[in-house]
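# Summary of structural features
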Amino acid sequence: MKQKKTAAVLQREYERLSRSLAGTGYISQGSVLDRSTLRSPRSGYQWTSKVARKTLTVALSPEQFRSLSKAIENRRKLQKIITKMEKLSREILFETLPDTRRRKPLLKKVLGLI
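Residues numbered from 1 in each chain as written. Predicted model: local features only at pLDDT ≥ 70, side-chain atom pairs only at ≥ 80, totals over all residues. Heavy atoms only, no water.

### Section: the side chain of Q46
Condition: Secondary structure follows DSSP: runs of H or I at least 4 residues long count as helices, runs of E at least 2 residues long count as strands, and numbering of each begins at the N terminus. The buried label applies to any residue whose accessible area, calculated with a 1.4 Å probe on protein chains only, is under 20% of its type's maximum; exposed applies above 50%, and partly exposed to all values in between.
With respect to the secondary-structure elements, Q46 resides in strand β2 (residues 45-51). Using a relative accessible area of 16% as the deciding quantity, one classes Q46 as buried.

Set out below in structure tokens:
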């Protein structure tokens, strides 16, 4: 059975995640494609994204492709970090602040922790 983490441990973990956000770099949504690797090879690179429920596709230079690839990867990492921070926030808040009387204890599933 897993041992419950203390508020101080959770707070340190939250602060570590918070510091990691500072070095994120550029971010972008969407996806990039190296068209030369397709089954019937084509030239060039492209970036695709949804804007106002429409798919937008833009041709890219090799440099733009590499930079946008990194920016998209950064955004995905950022999303994962934010999701972890949200879970930690709820865990810290519900553990450290006064609570109302409940007939049943709050389950981790209700708080979105599992």
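### Section: the confidence of the model for the protein chain
Cut-off, in case you're wondering: Confidence scores per residue from the predictor, reported as pLDDT, run from 0 to 100.
When pLDDT is averaged along the protein chain, the result is 87, and 93% of the positions lie at 70 or above. Across the protein chain, the secondary-structure element scoring lowest on mean pLDDT is helix α1 (residues 7-21), at 92, and the one scoring highest is strand β1 (residues 31-34), at 94.

### Description of the environment of E86
Summarising the element assignment, E86 is placed in helix α2 (residues 62-96). On the accessibility criterion, E86 (43% relative accessible area) is partly exposed. Along the primary structure E86 and G112 are separated by 26 residues, whereas in three dimensions their C-alpha atoms are 9.3 Å apart.

### Concerning the nonpolar core
Here is the rule we go by: For our purposes a nonpolar core is just a set of buried Ala, Val, Leu, Ile, Met, Phe, Trp, Tyr and Cys residues, chained together by side-chain atoms within 4.5 Å. Should any heavy atoms of two residues lie within 4.5 Å, those residues are considered in contact.
By size, the foremost hydrophobic cluster in this structure holds 6 residues: L10, L17, I81, M85, L88 and I92. Elements represented by at least two residues in this core include exactly α1 and α2. Leave out the neighbours within four places in its chain, and L17 touches I81, K84, M85 and L88.

### Side note on the environment of S49
Our working rule: In protein, a polar contact requires one atom able to donate a hydrogen and another able to accept it; more generally it is a pair of N or O atoms within 3.5 Å, and residues adjacent in sequence count only if both atoms are side-chain atoms.
Along the chain, S49 falls in strand β2. C-alpha of S49 to C-alpha of V32: the two residues are 17 residues apart in sequence and 8.9 Å apart in space. Not counting residues up to four positions away in its chain, the partners in contact with S49 are Q29, G30, K54, T55 and L56. In terms of polar contacts, S49 uses its side chain to reach the side chain of Q29, at 3.3 Å.

### Section: the side chain of S28
Within the secondary structure, S28 is located in the loop between α1 and β1. A residue is classified by how much of its surface remains accessible, and S28, at 15% relative accessible area, is buried. Aside from chain neighbours lying at most four places away, what touches S28 is W47, L68, A71, I72 and R75.

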